[in-house]
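# Residue-level structure breakdown
This is what each chain is made of:
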Amino acid sequence: MKCCGEASILEQVFFDMARILEILKRIPLIGFFAEKSFIHYAWMGSFFSLLNIILLWLLIDFFLIPTLISSTIVVGGTFLLRYAFFRWFKIM
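Calculation notes
- Residues numbered from 1 in each chain as written.
- Predicted model: local features only at pLDDT ≥ 70, side-chain atom pairs only at ≥ 80, totals over all residues.
- Heavy atoms only, no water.
- Phe/Tyr/Trp six-rings, centres within 6.5 Å; stacked < 30°, edge-to-face > 60°.
- Helix = DSSP H or I, 4+ residues; strand = E, 2+ residues; numbered from the N terminus.
- Buried < 20%, exposed > 50% of the residue type's maximum accessible area, 1.4 Å probe, protein only.
- Expected span 1.5 Å × (residues − 1).
- Contact = heavy atoms within 4.5 Å.

As a further point, take the packing of aromatic side chains. We describe a pair of aromatic rings using the distance from one ring centre to the other and the angle between the two ring planes. Applying the stated criterion to the full structure yields five aromatic pairs. Summarising the aromatic geometry, the rings of Y41 and F86 are spaced 5.6 Å apart at their centres and angled 35° between planes, so their arrangement reads as tilted. With Y41 in helix α2 (residues 36–62) and F86 in helix α3 (residues 67–88), this residue pair connects regions lying 45 residues apart in the sequence. Here the aromatic rings of F85 and W88 are separated by 5.8 Å at their centres, their planes lie at 85°, and the arrangement is edge-to-face. Pair noted here: F85 and W88 are both in helix α3, with a separation of three residues, about one helical turn. Assessed through its relative accessible area of 24%, F85 is described here as partly exposed. Joined through ring pairs, the aromatic side chains of F47, F48, F85 and W88 make up one cluster.

Here it is, written out as C-alpha cells:
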C-alpha cells in the first residue's frame, strides 16, 4: 500500500531500467544495441531461426518432402515473411 507519496517497487524498477537504458544509449557502440529497433530485430531473428528449424523438421521428417524442395520453400517463405514483419514493426 502506498503511503506518503512513496513509489511502488515496480515503478522504481521501471524507472531504474529506463535510466540504465538512457545511460547505455550514450556509450559509443553499445548504445546502438540499446535501440528499440535492434531489440525488435533480435527477437524476430530468433523467432524466425526457430521457425526455420521447426518447419524444416516437419516437412522433411513428417511429410517426407525431399530436403532440397523443403529447404527452398521454408527459407524462401520465411525470408519474405521476415521482410513483411520488419515492415509491419517499422524496423525497415
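On to α2. A rise of 1.5 Å per residue sets the reference length of α2, with its 27 residues, at 39 Å; its end C-alpha atoms lie 38 Å apart and thus fit the reference within 8%. Listing the buried residues of α2 in full gives H40, M44, F48, N52 and L59. Looking at the buried side of α2, the elements it contacts are α3. Of the residues trailing α2, L64 is marked for its positive phi of about 55°.

For T78, the position within the fold is in helix α3. The contact partners of T78, leaving out residues within four places of it in the chain, are F48, L51, N52 and L55.

Another aspect to go through is the environment of F48. Within the secondary structure, F48 sits in helix α2. Linking F48 and T78, residues 30 residues apart in sequence, is a C-alpha distance of 6.9 Å. Apart from the residues within four sequence positions on either side, F48 is in contact with T78, L81, R82 and F85.

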